[in-house]
Amino acid sequence: MAGSALAAGMAGAVAVLMLGLTAAGAAAAESQRMAGVADAAALAAADSASGAIPGDPCARAAEVAGAQRAAVASCAVDGLVATVAVAGTFAGLPVRAAARAGPPPLPG
């Protein structure tokens with residue numbers, strides 16, 4: 001009888017541990033997805049700022065972010081450099097990421 005209770009307790013503990021690890025893995029994956037959304041939105045804004053594509057840079061960033069289930073939290077354009085922060089939610093918790101895109105800095 002004691003062995004059965006011990007086995008049931010161990011199985012329950014392993015199930016709880018696996019559930020926690022699955023949630024942590026999913027949160028890490030969502031964080032990386034949001035970083036990718038921020039990168040894509042910043043690149044779209046920088047392309048628009050450079051004239052490679054028509055439109056307002058921040059509007060382009062919002063369009064790209066919206067297509068990937070995120071919203072632009074902030075957007076700043078300085079010359080050809082765009083800095084974009086995006087926000088979304090995962091399991092009811094806020095997730096944010098930011099990215100910068102533009103030409104490389106001049107050497108020196």
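Residues numbered from 1 in each chain as written. Predicted model: local features only at pLDDT ≥ 70, side-chain atom pairs only at ≥ 80, totals over all residues. Heavy atoms only, no water.

Caption draft 1: Geometry of the overall build of the chain. Summing up its helical and strand segments, the chain has two helices and three strands in all. The order of helices and strands in the chain, counted from the N terminus, is α-α-β-β-β. Rg of the C-alpha trace for the chain: 21 Å, well past the compact-globule value of 13 Å for 108 residues, more than 25% over. Dimensions of the chain, computed from C-alpha atoms along their principal axes, come out at roughly 75 × 35 × 15 Å. Of the roughly 6700 Å² that the chain leaves accessible, carbon and sulfur atoms contribute 68%. The chain carries 5 positive and 6 negative side-chain charges, and their two centres are separated by 6 Å. (Helix = DSSP H or I, 4+ residues; strand = E, 2+ residues; numbered from the N terminus. Rg over C-alpha atoms; globule rule 2.2 N^0.38 Å. Areas by Shrake-Rupley, 256 points an atom, 1.4 Å probe, with all protein chains shown as cover. Lys, Arg positive; Asp, Glu negative; His and termini not counted. Charge placed at Lys NZ, Arg CZ, Asp CG, Glu CD.)

Caption draft 2: Spotlight on the nonpolar core. One finds Met-34, Ala-70, Val-84 and Val-86 to be the most contacted residues of the largest nonpolar core, which totals 17 residues. Of all the secondary-structure elements, those providing two or more residues to this core are α1 (2-50), α2 (57-67), β2 (81-90) and β3 (93-101). Considering every element that reaches this core, the biggest residue donor is α1, with seven residues. (Core = buried A, V, L, I, M, F, W, Y, C linked by side-chain atoms within 4.5 Å. Buried < 20%, exposed > 50% of the residue type's maximum accessible area, 1.4 Å probe, protein only.)

Caption draft 3: Expanded view of unusual backbone geometry. Of note, the phi angle at Arg-69 is positive, near 60°, even though the residue is not glycine. With respect to the helices and strands, Arg-69 occurs in the loop between α2 and β1 (71-78). By relative accessible area, which is 67% here, Arg-69 ends up exposed. For Ala-91, which is not glycine, the phi torsion reads 55° and is therefore positive.

Caption draft 4: Spatial organisation of the pairing of β2. In the sheet, β1 pairs with β2 via seven bridges, with the strands oriented antiparallel. If you follow Ala-71 over to β2, its bridge partner there is Ala-87. In this structure, the hairpin formed by β1 and β2 is closed by a connection of two residues, where Gly-79 is found at a positive phi of approximately 70°. Sheet analysis places β2 next to β3, joined by nine bridges and oriented antiparallel. When the sheet's bridge partners are listed, Ala-87 is paired in β3 with Arg-96. (Pairing = 2+ DSSP bridges.)

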